[in-house]
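# Coordinates in review
This is what each chain is made of:
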Amino acid sequence: MNVSLGWLSALLGRPLDADDVAHRLAMLGVRGEAVERLHEGLGDLVVGLVESAQRHPNADRLSLCVVDAGDGPIEVVCGAPNVTAGKKYPYAPVGATLPGGLTLTARKIRGIVSNGMLCSARELGLGTEHLGLLELATDAAPGTPLLEALPLADTRLE
């Protein structure tokens, strides 16, 4: 049986510690097999607002985007067909590590340096969709940690 610690905390009306709950359940004879922290690999990502998106001057299928990630405008080269100015997407800044272990660096793509990455659901481990960016329907300000804007962080007791 899988139990969400977030659900259990909401049910009891107070925050719970995963290790303490697992220990207490074991003392009651309900031994758990694992405590799994979900989506903790998204801690480096923030909400990014695409201020402008135009065709990359040296590539037909790439866009050159100006992204507000809370610290001023950043240039990001993007290959997703659905990038649109005025919309919010998950943004991984330079130095962020994505689920799967890829650590981002500033990288020159077709002559222009891309400072980070706008992400799809598959790149974040949130689904299989990879043909476009994960559009965020949130009122969160640019630069807000993704795990604050989307309530994804949880712990599963198995």
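Anything mentioned here points back to the structure above.
Now for a description of the structure that goes with this document. Because the structure is predicted, anything quoted here is derived from the model rather than measured.

With that out of the way, let us pick up the sheet that holds strand 1 (residues 3-4). The strand order across the open sheet formed by three strands is 1-10-2, and the pairing between neighbours is antiparallel. Unpaired on one side and paired on the other, strand 1 and strand 2 (35-38) mark the two borders of the sheet. Where strand 2 meets strand 10 (residues 154-157), four bridges bridge the pair, whose relative direction is antiparallel. Opposite Arg-37, over in strand 10, you have Thr-155 as the bridge partner. Helix 2 (residues 18-27) rests against strand 2 and strand 10 of the sheet, and its axis sits at about 155 degrees to strand 2.

Looking now at the side chain of Ser-9. Residue placement: Ser-9 occurs in helix 1 (residues 5-12). Residue Ser-9 is classed as buried on the basis of its relative accessible area, which comes to 15%. Leaving out residues up to four positions away in the same chain, Ser-9 has contacts with Arg-14, Pro-15 and Leu-16.

Note that an α-helix has 3.6 residues per turn; residues three or four places apart therefore point the same way. The set of residues buried in helix 1 consists of Leu-5, Leu-8 and Ser-9. Down the axis of helix 1, the buried side of the element spans an arc of 100 degrees, and every buried residue falls inside it. Exposed residues lying more than 90 degrees from the buried face of helix 1 are Trp-7, Ala-10 and Leu-11. Buried-residue contacts for helix 1 involve strand 1, helix 2 and strand 10. Between the side-chain oxygen at the start of helix 1 and the backbone nitrogen of Gly-6 there is a gap of 3.3 Å, and the oxygen is on Ser-4. Of the residues one or two after helix 1, Gly-13 is the one with positive phi, at around 75 degrees.

Analysis parameters
Residues numbered from 1 in each chain as written. Predicted model: local features only at pLDDT ≥ 70, side-chain atom pairs only at ≥ 80, totals over all residues. Heavy atoms only, no water. Pairing = 2+ DSSP bridges. Helix = DSSP H or I, 4+ residues; strand = E, 2+ residues; numbered from the N terminus. Contact = heavy atoms within 4.5 Å. Axes fitted to C-alpha atoms, helices over the stretch in contact; angles between N-to-C directions. Buried < 20%, exposed > 50% of the residue type's maximum accessible area, 1.4 Å probe, protein only. Arc of directions from axis to C-beta. Polar contact = N/O pair within 3.5 Å; in protein donor to acceptor, adjacent residues only side chain to side chain.

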